[in-house]
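The residues making up each chain are set out below.
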Amino acid sequence: MTTQSVHNLALDLRVERFPYHRPFRISGHVFTETELLVAEISDGTHSGRGEGAGVYYLGDDIAHMMSEAERVRGAIESGATREDLQQFLPPGGARNALDCAYWDLEAKQAGRPVWDLAGLDAPKPLRSTMTLGADRPEVMVEGMLAFDPETPIKVKLTGDVEEDIARVIAIRSARPDAWIGVDANQGYSIETLPGLLPTLVANGVSLLEQPLRRGREADLDGFQRPLPFAADESAVTLADTASLVGRFDVVNIKLDKCGGLTEGLAIAREARRLGLDVMVGNMMGSSLSMAPSYVVGQLCDIVDLDGPIFLARDREPGVRYAGGMIHCPAEIWGSPVTPAQAGVSP
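Residues numbered from 1 in each chain as written. Predicted model: local features only at pLDDT ≥ 70, side-chain atom pairs only at ≥ 80, totals over all residues. Heavy atoms only, no water.

1. Quick notes on the overall build of the chain
Where we set the bar: Only runs of H or I of at least four residues qualify as helices and only runs of E of at least two qualify as strands under DSSP, and these elements are numbered from the N terminus. For a compact globule the rule gives 2.2 Å times the number of residues to the power 0.38, and the radius of gyration it is set against comes from C-alpha atoms. Whether two residues touch is decided by their heavy atoms; if any such pair falls within 4.5 Å, the residues are in contact. The Shrake-Rupley method, run with a 1.4 Å probe sphere, supplies the accessible areas, and residue values consider only the shown protein chains as cover.
The number of helices and strands found in the chain is eleven helices and 14 strands. Against the 2.2 N^0.38 benchmark of 20 Å for 346 residues, the chain shows a C-alpha radius of gyration of 20 Å, consistent with a compact globule. Dimensions of the chain, computed from the C-alpha atoms along their principal axes, are close to 60 × 40 × 35 Å. Nonlocal contacts in the chain, meaning residues at least 24 apart in sequence, comprise 66% of its contacts between residues at least 6 apart. When the accessible area of the chain is evaluated, it comes to approximately 13,800 Å², of which 51% is carbon and sulfur surface.

Laid out in structure tokens, this is it:
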């Protein structure tokens, strides 16, 4: 859909903080909360919302997101379109929040849901992984056993080969039939990675996400991949996609990385054209982040939209998880039906 210029738009920007139930550990980082930039664009009759969590490893924190969004306030309030936004701002959390707010506004203006505007079929529930933060094996097993038995599991690693091997073996022993993927979050090098791979293969791990540091992609040239490798930090924007071929098997799309649903959909389609599988992930936002990612998820082979499970509180209405699936009610985002019309609290 091509948006039309609409004058007299109003932009509201605010910061909202969502603490976690408990600290969340990955390779090199421990997180205790998510700081979100929430953007709301109104034409006086309809309004659309979006949120951005930013990209921590690119310095895209809440101060940077707010500064970037404020930089284009004048253009937006003067009638800039969603297409204009792609030129005004680089990829990142600010553009994600604004892009998704535009999509939500367009859905309400057109009286059509976002999936229809994007040329997709009506969305269906998706099987979504649940993530285990890196911890002692027994703690991770305890966390895993709290999930529905049908839930696919994503295991965070730290780059310590012995510890990571122990984590994988413990989790596979506790769930012999589960789909398991592991996420190294750049924790390995081309020298240390071979020490991990036999354990992943022996334990039926289905995916290894981002084994090496961003910028070291060429180290994978000619490297034999005994299981599918997914690019996350190595796959930020549409421009990165072609360089993944031959080094990775899967591209992990995150709207905070690429700057919104507009580019996320473009990456999914380009990845398919290049013969790559497609995954959608998240940067630990609320259900307002999951809803546009759920639209991308309709085009994906692997879905990792579990961010709200880590929050001490989520938005209402919010996504639901049951039977290993994520369900995203239409009234959360991207539908002419508002929460008030659906009879739920905003």
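Now that the structure is up, let's keep going.
2. Here we look at the sheet that holds strand 4 (residues 126–127)
Using the following cut-off: Here, strands pair whenever DSSP counts at least two bridges between them.
On the basis of which strands lie adjacent, the open sheet formed by three strands has the order 4-14-13 and antiparallel pairing. Of all the strands in the sheet, just strand 4 and strand 13 (320–322) have a single pairing partner and so form its edges. Bridge count between strand 13 and strand 14 (residues 325–327): three bridges; the pairing is antiparallel. Within the sheet, the bridge partner assigned to Arg320 lies in strand 14 and is His327.

3. Details of the packing of helix 4 (residues 93–110) against helix 10 (residues 261–274)
Cut-off, in case you're wondering: Axis definition: a line fit to C-alpha positions, over the contact stretch in the case of helices; interaxial angles, taken between N-to-C directions, run 0 to 180 degrees. Each angle gets one of four labels, with under 35 degrees taken as roughly parallel, over 145 as roughly antiparallel, 65 to 115 as roughly perpendicular, and the rest as oblique. The nonpolar class holds Ala, Val, Leu, Ile, Met, Phe, Trp, Tyr, Cys and Pro. Asp, Glu, Lys and Arg form the charged class, and all remaining residues, Gly among them, are polar.
Packing of helix 4 against helix 10 leaves a shortest axis separation of 8 Å and a crossing angle of 95 degrees. By the angle between their directions, the pair helix 4 and helix 10 is classed as roughly perpendicular. Contacts between helix 4 and helix 10 pair Arg95, Asn96, Asp99, Cys100 and Trp103 from the former with Leu261, Thr262, Glu263 and Leu265 from the latter. Tallied by class, residues from the contact of helix 4 with helix 10 come to four nonpolar, two polar and three charged.

4. Some remarks on helix 4
We apply this condition: An expected span of 1.5 Å times one less than the residue number is assigned to each helix.
Spanning 18 residues, helix 4 covers 26 Å between terminal C-alpha atoms, matching the ideal 26 Å at 1.5 Å per step. Taken from the residues just after helix 4, Gly111 is the one with a positive phi, measuring 70 degrees.

5. Details of the environment of His21
Heads up, the condition is: Here a polar contact is recorded for every N or O atom pair within 3.5 Å, except that within protein the pair must consist of a potential hydrogen donor and a potential acceptor, and residues adjacent in sequence are included only if both atoms are side-chain atoms.
Its location among the elements puts His21 in strand 1 (residues 10–26). Put simply, His21 and Ala101 are 80 residues apart on the chain and 28 Å apart in space, counted from C-alpha to C-alpha. Not counting residues up to four positions away in its chain, the partners in contact with His21 are Ile309, Phe310, Leu311 and Ala312. A polar side-chain atom of His21 sits 2.8 Å from the main-chain carbonyl oxygen of Leu311.

6. Some details on the sheet that holds strand 6 (residues 153–156)
The strand order across the open sheet formed by eight strands is 5-6-7-8-9-10-11-12, and the pairing between neighbours is parallel. Only two strands of the sheet have a single partner each, and these edge strands are strand 5 (130–132) and strand 12 (302–303). Here helix 10 sits on the sheet and contacts strand 10 (250–253) and strand 11 (277–280); the angle it forms with strand 10, its principal contact strand, is near 175 degrees.

7. Here's the deal with the environment of His64
Structurally, His64 can be placed in helix 1 (residues 62–71). When the C-alpha positions of His64 and Glu217 are compared, they lie 27 Å apart, and in sequence the two are 153 residues distant.

8. Some remarks on the nonpolar core
Quick reminder of the rule: Among buried residues, those of type Ala, Val, Leu, Ile, Met, Phe, Trp, Tyr and Cys that are joined through side-chain atoms within 4.5 Å constitute a nonpolar core. Each residue is placed in one exposure class: buried if its accessible area under a 1.4 Å probe, protein chains only, is under 20% of its type's maximum, exposed if it is over 50%, and partly exposed if it falls in between.
Membership of the largest hydrophobic core comes to 66 residues, with the highest contact counts inside it found for Val155, Leu193, Leu200, Leu208, Phe229, Leu261 and Trp333. When residues of this core are assigned to their parent elements, the largest contribution, six residues, is made by helix 11 (residues 287–297). If we ignore the near neighbours within four places in the chain, the residues touching Leu208 are Val182, Ala184, Leu193, Leu197, Leu200, Leu227, Pro228, Phe229 and Ala230. Residues Leu37, Ala69, Ala97 and Leu98 belong to the second largest nonpolar core, which totals 20 residues.

9. Here's the deal with the pairing of strand 7 (residues 180–183)
To be explicit about the condition: Call a crossover right-handed when, viewed with both strands pointing away from you, the route from the first strand across the helix to the second goes clockwise.
Every second residue of strand 7 is oriented toward a common face, with Ile180 and Val182 on one face and Gly181 and Asp183 on the other, all of them buried. Both strand 6 and strand 7 contribute to a ladder of four bridges, which runs parallel. What sits directly across from Lys156, in strand 7, is Asp183. For the handedness criterion, the β-α-β arrangement of strand 6, helix 7 (residues 161–174) and strand 7 is classed as right-handed. One crossover worth recording links strand 7 to the parallel strand 8 (residues 207–209) by way of helix 8 (residues 197–202), and it is right-handed.

10. Notes on the packing of aromatic side chains
Aromatic rings in a pair are described by how distant their centres are and how their planes are angled relative to each other. Heads up, the rule is: By convention, a stacked pair of Phe, Tyr or Trp rings (six-membered ring in the case of Trp) has centres within 6.5 Å and planes under 30 degrees apart, an edge-to-face pair has planes over 60 apart, and any other such pair is tilted. Two thresholds decide whether a charge sits over a ring: the Lys NZ or Arg CZ must be within 6 Å of the ring centre and within 35 degrees of the ring normal.
Summed over all chains, the structure comprises four aromatic pairs. Where Phe31 meets Tyr56, the ring centres are 5.1 Å apart and the plane angle is 65 degrees; that geometry is what we call edge-to-face. With Phe31 in strand 2 (residues 29–42) and Tyr56 in the loop between strand 3 (47–52) and helix 1, this residue pair connects regions lying 25 residues apart in the sequence. Among the aromatic side chains, those forming a connected cluster through ring pairs are Phe31, Tyr56 and Tyr57. If you follow Arg82 out to its NZ or CZ, it ends over the ring of Trp103, 3.7 Å from the centre. Above the ring of Phe18, the side-chain terminus of Arg313 is found at 4.3 Å from the ring centroid.

11. Here we look at helix 10
The terminal C-alpha atoms of helix 10, which comprises 14 residues, lie 20 Å apart, in line with the 20 Å expected from a rise of 1.5 Å per residue. Within helix 10, burial applies to Leu261, Glu263, Gly264, Leu265, Ile267, Ala268 and Ala271. Contact partners of the buried residues in helix 10: helix 4, helix 5 (114–117), strand 10, helix 9 (255–258), strand 11 and helix 11.

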